[in-house]
Amino acid sequence: MANLEAHLRVPGPTPLPDAVREAGARQMVNHRGPEFAALMGRVVPALQRGFRTKNEILLVGASGTGGLEAAVVNHLSPGDPVLAVSIGAFGDRFAKIATRYGADVTVLPVEWGRAAEPDAVREAIAGMRREGRAPVAVLLTHNETSTGVTNPVEALAAAVREAAPEALLVVDAISGLGAVPFDTDGWGLDVVVTGSQKSWMVPPGLSMIAVSPRAWAAAERATMPRFYLDLKAHRDAAEKGSTPWTPPVSVCFQLDVALALIEAEGYPAIFARHAACGAATRAGLAALGFRLFADPAHASNTVTAALVPGEMDWKSFNADLRRRGLVLAGGQGKLTGLVFRVGHLGDVTVNQILAALEILEEALIAGGRPVDRGAALAAAVRAADAALAAGATATAPAGKGAAA
Ligand SMILES: Cc1ncc(COP(=O)(O)O)c(C=O)c1O
């Protein structure tokens, strides 16, 4: 039987390093006891270094969507004008959450496959101001997993600060943070949400949320209903080294181990590895004849979306890939059936990308498509080498243990 675990190439949950898997098998501890408090004492500062923030980081037992919901309900009130910048399915979801809780949401829709532009954000804010609805928060997606696009968050945040200095910057960084450069404090972000099952190499179950002093002040005034996701309750419990409700203790053990692995590798090396894997994936898929979906200027180094060729039956091709041991992700939302996605985040190497490309190549050849055998792997290796060389000459934006 094919070893499916070896080639799980979806954009989360990501494969677990052995040490992280083993940590999940540990005996329970009292989540109100000293062992758990010691764990929080290691995990939170390590996350602060990863987020590059001095802000508090709360561990919430929830998937990423729960973290986004927490970001909305803790800082907003019904009727609050909010600008949601959406570049894909997850941006739409963020806007929907805010709408569901009664915020007065204006969506700035960006063509899928492209990144948001600072000028468009400035204009959208100016438009809201003209209507007397200056946004109290702007919702941004860092890395749009449905399209494989990374937004220029630094430039977008600067545009928001200029056009609406009072607005909270609330960022879904679920599928990018930890894998590509990110600077919570340097970019002035107020609420940043990530999820354990992405670059952190941990199973699903924990959302990690950074909250700025401005956002805490907003939380005092915000009246959207909240109980389980009340971040103030999480903050109070964190002061005692715990969480307000029973946390996914095993996932916390695993996060502790994963963060130690991450810090041993160091963020500059991690970013370089992801840049190499992203470049290899894009070059390999292109050499296999697939058209890439994302604007190349903003292509994500954690997930790549490629168009399903018109004449290809994705379902049967995907079934063949699975038989050969490669698990990819399909399209989401309006891209269902139109694109497929390759995840390259977390515990991933260029060699693993080459293995995935090789399986894709075999399946294409078996399906009678004209493929130049070996060309994709050669292109992928060249692209990875070029990315590594380019990275070596660039200044690393985040260093090991750089913040906090
Ligand atoms: C950018 C982004 N936002 C939100 C989510 C939702 O996270 P979850 O599925 O953990 O609820 C995901 C998950 O893929 C994501 O990639």
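Residues numbered from 1 in each chain as written. Predicted model: local features only at pLDDT ≥ 70, side-chain atom pairs only at ≥ 80, totals over all residues.

Another point: the pairing of strand 1 (residues 56–61). Burial of strand 1 is extensive: 5 of the 6 residues sit out of reach of the surface. Judged from the 6 bridges that link them, strand 1 and strand 9 (residues 206–211) form a sheet pairing that is antiparallel. For Gly-61, the partnering residue across the bridge sits in strand 9 and is Leu-206. (Buried ≥ 20, exposed ≤ 12 C-beta atoms within 10 Å, placed from the backbone. Helix = DSSP H or I, 4+ residues; strand = E, 2+ residues; numbered from the N terminus. Pairing = 2+ DSSP bridges.)

A few words on the domain arrangement of the chain. It is common to report an interface's size as the accessible area lost on association of the parts. As far as domains go, the chain holds domain 1 (4–13 + 266–393) and domain 2 (18–263). Here the C-alpha centroids of domain 1 and domain 2 sit 27 Å apart. Contacts between the two partners involve 24 residues from domain 1, matched on the other side by 25 residues from domain 2. Elements with a minimum of two residues in the side of domain 1 that touches domain 2: helix 10 (267–287) and strand 10 (303–307). A per-class count over the side of domain 1 that touches domain 2 returns 11 nonpolar, 10 polar and 3 charged. (Domains from an automatic or database assignment. Contact = placed C-beta atoms within 7 Å. Nonpolar A, V, L, I, M, F, W, Y, C, P; charged D, E, K, R; others polar.)

With that out of the way, let us pick up the site of the ligand. Looking at the ligand, there are 13 residues lining it, with Ser-63, Gly-64, Thr-65, Thr-145 and Ser-175 nearest. Class assignment of the residues belonging to the shell around the ligand gives a composition of 3 nonpolar, 9 polar and 1 charged. (Near = placed C-beta within 6 Å.)

If you want to describe how two helices pack, look at the angle between their axes and the distance between the axes. The geometry of helix 3 (residues 64–73) relative to helix 4 (residues 89–100) is characterised by a closest axis approach of 9 Å and an angle of 45° between their N-to-C directions. Of the possible angle classes, the one that applies to helix 3 and helix 4 is oblique. When the axes of helix 3 and helix 4 are compared, the crossing they make is right-handed. The segment helix 3 lies against helix 4, with Thr-65, Leu-68, Glu-69 and Val-72 engaging Arg-93, Phe-94, Ile-97 and Ala-98. Split by residue class, the contact of helix 3 with helix 4 holds 5 nonpolar, 1 polar and 2 charged. (Axes fitted to C-alpha atoms, helices over the stretch in contact; angles between N-to-C directions. Parallel < 35°, antiparallel > 145°, perpendicular 65-115°, else oblique. Left-handed = near helix turned anticlockwise from the far one by under 90°.)

The next thing to look at is the confidence of the model for the chain. Confidence in the prediction of the chain, expressed as mean pLDDT, is 95, and 96% of residues score 70 or more. This stretch, residues 395–404, has a pLDDT under 50; its non-local contacts, to residues over four places away or in other chains, come to 29 contacts. (pLDDT = per-residue confidence, 0-100.)

Moving on, we get to the packing of helix 10 against helix 12 (residues 350–366). Where helix 10 contacts helix 12, the two axes come as close as 9 Å, and the packing angle between them is 20°. Between helix 10 and helix 12, the angle falls in the class roughly parallel. As helix 10 packs across helix 12, the resulting crossing turns out to be right-handed. When helix 10 is examined against helix 12, the residues Ala-276, Cys-277, Ala-280, Thr-281 and Gly-284 are found in contact with a partner set consisting of Val-350, Ile-353 and Leu-357. Grouping the constituent residues of the contact of helix 10 with helix 12 by class yields 6 nonpolar, 2 polar and no charged.

Let us look at the sheet that holds strand 10. Within the open sheet, the 3 strands sit side by side as 10-12-11. Their pairing is antiparallel. The open sheet has two edge strands with one neighbour each: strand 10 and strand 11 (329–330). Bridging between strand 10 and strand 12 (residues 339–343) involves 5 bridges; their strand directions are antiparallel. Bridge pairing links Val-303 to Gly-343 in strand 12.

So, about the pairing of strand 3 (residues 104–109). In this structure, strand 2 (residues 81–86) lies alongside strand 3, joined through 6 bridges in parallel fashion. Following the sheet pairing, Ser-86 is matched in strand 3 by Pro-109. In this fold, strand 2 hands off to helix 4, which returns the chain to strand 3; that crossover is right-handed. (Right-handed = clockwise from strand over helix to strand, strands pointing away.)

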